[in-house]
Amino acid sequence: MDAQSIILHLLTPEGRADPYPLYALAHELGPVAPAGDGLVLVCGYEAARQALRDPGLGADSGLTAWGGDADSRPSLAMLSRSLLVADEPGHGRLRASMAQAFTARGVAALEAGIGRITDALLDGLEKAGGSPVDFMDAFAFPLPAHVICDLMGIPPADRARFRAWAADLSAMLEPVPGPADLDTADRVAAEVGRYFTDLVGARRAEPREDLVTAMLAARDQGLLRDDEELVANLAILLVAGFETTTHLLGNGLRLLLDHPGAMAGLRDGTVPVQGFVDEVLRYDTPVQLSNRVALTDGVSVGGVPVPAGTHVVVLLGAANRDPAHYAEPGRFDPTRRDSRPLSFGGGAHYCLGALLARLEATVAFGRLPARFPALTSAPGAEPVRRDRIFLRGHEVLPVVPNGAG
Ligand code: HEM
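Residues numbered from 1 in each chain as written. Predicted model: local features only at pLDDT ≥ 70, side-chain atom pairs only at ≥ 80, totals over all residues.

### Topic: unusual backbone geometry
No. 1: Geometrically, the link from glutamate 88 to proline 89 is a cis peptide bond, its omega value of -5° lying close to zero.
No. 2: Counting through the fold element by element, proline 89 comes out in the loop between α5 (74-80) and α6 (91-99).
No. 3: Even without being a glycine, glutamate 328 presents a positive backbone phi close to 45°.
No. 4: For glutamate 328, the location among the structural elements is in the loop between α17 (316-319) and α18 (354-371).
No. 5: Assessed through the 10 C-beta atoms surrounding it within 10 Å, glutamate 328 is described here as exposed.
No. 6: A positive phi angle, close to 50°, is found at aspartate 338, a residue other than glycine. (Helix = DSSP H or I, 4+ residues; strand = E, 2+ residues; numbered from the N terminus. Buried ≥ 20, exposed ≤ 12 C-beta atoms within 10 Å, placed from the backbone.)

As structure tokens, then:
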């Protein structure tokens, strides 16, 4: 199969449900595979690492790569004002407007709160006991949502609507999003825009100790150009800040269900929780791709020249299963050492929330196996994967916390 066919297959429902066999085929083509029409696929670990850090490659919404029109859509206009797709000059300024909250010190200060939220959610699972419950609903969504909302200063009463908002908005990050999905993303972008405009107004009138107030101060210092830029970056933070972590938690739980040895190992300490989290990030990567575009001629990736304007699709999920880098990449092995998956990207756009996401997952998977040693899949209720390729996770993940029967 050539690179173009691999792309076409990745965009089918079967490819979205399980992209890994296609990645295995992509590896046979080499670490970097030209896919025609000014597009190259990067699936080798070293080539991906280099591409993510190469200053000759700029951020790319991806939409232009796949033929989308970035100008005519409010959702894409919002995305285009965010740090996620910004280059210099501009990216450093936008990143600085929010970076303070995500330093090692800032994140360490959140640990006790994360522990409290985790325990409260585990208490909720306890109540379900021997009955089936959807892990996504009961744990994987609320943990990161409460953490990011506490940090941003979003009132508890407003949080329930964020799950649908984030899911609808993140559809715009898909390669080739459908027009109906983009219509929904446009409507939600307008709603989210109004929501944050009001919240910013409230914090301007009455500042608090939260990220919205801090970003308002950054706006007053000139790090953010105007309120539109402030609101767009708050919206992106919302999507980036919990959907990703939700799917890390869901993918991790699914792997625990499928590998009872890992569950026992986490309980008795033979599987280190950070190693487990790293292996989940590697084996079932929540953010599957990262888009770049060559800013000038003379750039190459893995030795393959990429002329100015070439779209470079870095397949993080494939790089994390590169057989040239990982022994038995298709085997889930939470005792792997020093695995350093590329799941948080790299270079200037390296995930700002990586420390926070790791902390949430470490606290969650540090506590869950001890409290629910008999946790199983719910009999007769299959997990449902989301029909997405960019953010890989589950819609529904039915479990019985205290074991079935
Ligand atoms: C960027 C993954 C959690 C905030 C990124 C990128 C990846 C990523 C791959 C790079 C995108 C690119 O280069 O194209 C993840 C994963 C997470 C996670 C897998 C959880 C498991 C978080 C959290 C936050 C966050 C919890 C914030 C609270 C951001 C921001 C960016 C980003 C703001 C843009 C950085 C920039 O463009 O400079 N993330 N992320 N992420 N992430 Fe995360």
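### Here's the deal with the site of the ligand
No. 1: Close to the ligand lie 22 residues, the nearest being Gly241, Thr244, Gly345, Cys351 and Gly353.
No. 2: Counting only elements with at least two residues in the shell around the ligand, the list comes to α14 (227-258) and α18.
No. 3: Of all the elements, α14 adds the most residues to the shell around the ligand, at six residues.
No. 4: Taken together, the residues of the shell around the ligand sort by class into 13 nonpolar, eight polar and one charged. (Near = placed C-beta within 6 Å. Nonpolar A, V, L, I, M, F, W, Y, C, P; charged D, E, K, R; others polar.)

### Focus: the packing of helix α8 (residues 111-128) against α18
No. 1: Where α8 meets α18, the axes come as close as 10 Å, and the angle between the chain directions of the two elements is 40°. Accordingly, the angle class assigned to the pair α8 and α18 is oblique. Here α8 runs over α18; the crossing is right-handed. Contacts from Glu111, Ile114, Gly115, Thr118 and Leu122 of α8 reach α18 at Leu359, Glu360, Val363, Ala364, Arg367, Leu368 and Arg371.
No. 2: Looking at the contact of α8 with α18, its residues break down into six nonpolar, two polar and four charged. (Axes fitted to C-alpha atoms, helices over the stretch in contact; angles between N-to-C directions. Parallel < 35°, antiparallel > 145°, perpendicular 65-115°, else oblique. Left-handed = near helix turned anticlockwise from the far one by under 90°. Contact = placed C-beta atoms within 7 Å.)

### A look at helix α13 (residues 211-220)
No. 1: Every buried residue of α13 is listed here: Leu211, Val212, Ala214, Met215, Leu216 and Ala218.
No. 2: A positive backbone phi angle near 90° is found at glycine 222, which sits one or two residues after α13.

### Here's the deal with the sheet that holds strand β5 (residues 289-294)
No. 1: Strand order in this open sheet of five strands is β1-β2-β8-β5-β3, and the pairing throughout is mixed. Both outer strands of the open sheet, β1 (32-34) and β3 (57-59), are each paired with one neighbouring strand and no more. Each strand of the sheet is rotated relative to its neighbour by a mean of 30°, with strand direction disregarded.
No. 2: As paired strands, β1 and strand β2 (residues 39-42) are joined by three bridges and run antiparallel to one another. Looking at the pairing, alanine 33 lines up with leucine 41 of β2.
No. 3: Running at roughly 130° to strand β8 (residues 311-315), helix α4 (residues 45-53) makes contact with β1, β2, β3, β5 and β8 of the sheet. (Pairing = 2+ DSSP bridges.)

### Some points on the sheet that holds strand β4 (residues 133-134)
No. 1: Ordered in space as β4-β12-β9, the three strands form an open sheet in which the pairing is antiparallel. Sheet topology places β4 and β9 (376-377) at the edges, where each strand pairs with a single neighbour.
No. 2: Across two bridges, β4 lies against strand β12 (residues 398-400) in antiparallel orientation. Residue pairing across strands places valine 133 opposite valine 399, the latter belonging to β12.

### Points about the pairing of β5
No. 1: Most of β5 is tucked away, with six of its six residues classed as buried.
No. 2: Going residue by residue along β5, you find Leu289, Asn291 and Val293 tucked away on one face and Ser290, Arg292 and Ala294 tucked away on the opposite face as well.
No. 3: Where β5 lies against β8, five bridges are found, and the strand directions are antiparallel. Directly across from valine 293, in β8, lies its bridge partner histidine 311.

### As for the environment of glycine 58
No. 1: Looking at the element boundaries, glycine 58 is found in strand β3.
No. 2: When the C-alpha atoms of glycine 58 and glycine 309 are compared, they prove to be 9.8 Å apart, with 251 residues separating the residues in sequence.
No. 3: Those residues in contact with glycine 58 that lie beyond four places of it in its chain are Asp87, Arg292, Val293 and Leu295.

### Looking at the environment of glycine 250
No. 1: Locating glycine 250 in the fold gives a position in helix α14.
No. 2: On the neighbour-count criterion, glycine 250 (27 C-beta atoms within 10 Å) is buried.
No. 3: Between the alpha carbons of glycine 250 and phenylalanine 141 there is a distance of 8.7 Å; along the sequence they are 109 residues apart.

### Side note on the pairing of β8
No. 1: Judged by how many residues are buried, β8 sits mostly within the fold: five of five residues are covered.
No. 2: Neither face of β8 is open: one carries His311, Val313 and Leu315, the other Val312 and Val314, and all of them are buried.
No. 3: Of the pairings in the sheet, the one linking β2 to β8 comprises four bridges and is parallel in character. Residue pairing for β8: leucine 39 is matched across the bridge by histidine 311.

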